[in-house]
Amino acid sequence: MNLTALPAFADNYIWMIDDGARAIVVDPGEPGPVAEALDARHLELAAILMTHHHADHVGGVDALRPRLRGPVYGPAHEKVPLPRIACQQGDHAAALGIDFEVIDIPAHTAGHIAYFDRGRAGAPIVFCGDTMFSAGCGKLFEGTAAQMYDSLARLAQLPDSTRVCCGHEYTLSNLRFAQAVEPDNEDIARHAEHCQSLRAAGKPTLPSTVGLERRINPFIRCGEPAVIAAARAHGAASNGGSDVLAALRNWKNEFR
Ligand SMILES: [Zn+2]
Ligand SMILES: [Zn+2]
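Just so it is clear, the structure is predicted and the values come from calculations on it, not from any experiment. (Residues numbered from 1 in each chain as written. Chains lettered and ligands numbered in written order. Predicted model: local features only at pLDDT ≥ 70, side-chain atom pairs only at ≥ 80, totals over all residues. Heavy atoms only, no water.)

Q: Give me the packing of aromatic side chains: which residues, what numbers.
A: The final tally for this structure, using the stated rule, is 7 aromatic pairs. Measuring from centroid to centroid gives 4.9 Å for Phe-133 and Tyr-170, while their planes differ by 70°, and the two rings are edge-to-face. Here Tyr-170 lies in the loop between strand S13 (163-166) and helix H5 (171-181) and Phe-133 lies in strand S11 (residues 132-133), a separation of 37 residues in the sequence. Each residue in the set Phe-177, Phe-219, Trp-251 and Phe-255 is aromatic and connected to the rest through ring pairs, giving one cluster. (Phe/Tyr/Trp six-rings, centres within 6.5 Å; stacked < 30°, edge-to-face > 60°. Helix = DSSP H or I, 4+ residues; strand = E, 2+ residues; numbered from the N terminus.)

Laid out in structure tokens, this is it:
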């Protein structure tokens, strides 16, 4: 199976998995990059997965339907292009012989879902949209810090080797913030250097892995003493995980 990040808009990725003949795409916010990739590699479109309702993730779904030879899966509790097979926690999305487990990860949007494959044929993989980014997390448009804390905890408990495929190339700016939170974290400093050279070469910084995120992502490190101390200095009401996350999220919103 091949995994490709198709750049879209200014900083989105449309993820594509293919077996050399057929492809699944995740969050096609626009149809052009998908159509080009399918044509260039002579692939049939076998399925579309949607993680949440934002237009930069679902805006290309209807335009791709004429060439689709399989299902569209999407969140059960959000307004997304129809028809779609409604998915929520515990459901499965099957395509290309892969059986994705659906995980509810609300907060960025109220019905946001992730698709996780245990990787029977390779490394595990999760498509998590705009909930967990590399070294960051999505904005709380429709949910609370407590919900984001729980949703990130669900993603962080996946196996270390899980490839993390998120919806945007925000890694460098997230790492700058992570360094402000944890100036002494050498994993963050090392990874920032690595990502700078990737971006300078025009390459994506993604996928990340769950194991790496556990070392560099302040939003899933809310129990670490250094992160708690930084959050308390930026208004966290207590040492509790969701209070720490709330303070980090507010701080990040103003961070330049
Ligand atoms: Zn979004
Ligand atoms: Zn987005």
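Having seen the structure, we can now continue with the description.
Q: For the coordination of the zinc ion (ligand 1), give the residues involved together with the corresponding values.
A: Donor atoms from the polypeptide that coordinate the zinc ion (ligand 1) comprise His-52 (NE2), His-54 (ND1), His-108 (NE2) and Asp-130 (OD), at 2.1 to 2.3 Å from the metal. Of note is the zinc ion (ligand 1), whose 4 donor atoms meet at the metal with angles of 92 to 163° in an arrangement that counts as irregular. Mapping the donors of the zinc ion (ligand 1) onto the primary sequence gives the spacing H-x1-H-x53-H-x21-D. The metal-metal distance between the zinc ion (ligand 1) and the zinc ion (ligand 2) comes to 3.5 Å, with Asp-130 coordinating both. With His-52 in the loop between strand S4 (44-49) and helix H2 (55-58) and Asp-130 in the loop between strand S10 (125-129) and S11, this residue pair connects regions lying 78 residues apart in the sequence. (Donors = N, O, S within 2.8 Å, 3.2 Å for Na, K, Ca; no water. Tetrahedral: all angles 85-135°; square planar, octahedral: opposite > 155°, others 65-115°.)

Q: Can you break down the coordination of the zinc ion (ligand 2) residue by residue, with the values?
A: Only Asp-56 (OD), His-57 (NE2), Asp-130 (OD) and His-168 (NE2) from the protein coordinate the zinc ion (ligand 2), and they sit 2.1 to 2.4 Å from it. Counting gaps between the donor residues of the zinc ion (ligand 2) yields the pattern D-H-x72-D-x37-H.

Q: Break down the nonpolar core for me, citing the residues and quoting the values.
A: Counting residues in hydrophobic clusters, the biggest one holds 57 residues, and the most contacted among them are Phe-100, Tyr-115, Phe-127 and Leu-248. If we ignore the near neighbours within four places in the chain, the residues touching Leu-248 are Phe-177, Val-181, Pro-218, Phe-219, Cys-222, Val-227 and Ala-231. Membership of the second largest hydrophobic core comes to 19 residues, among which are Leu-38, Ile-48, Met-50 and Val-72. (Core = buried A, V, L, I, M, F, W, Y, C linked by side-chain atoms within 4.5 Å. Buried < 20%, exposed > 50% of the residue type's maximum accessible area, 1.4 Å probe, protein only. Contact = heavy atoms within 4.5 Å.)

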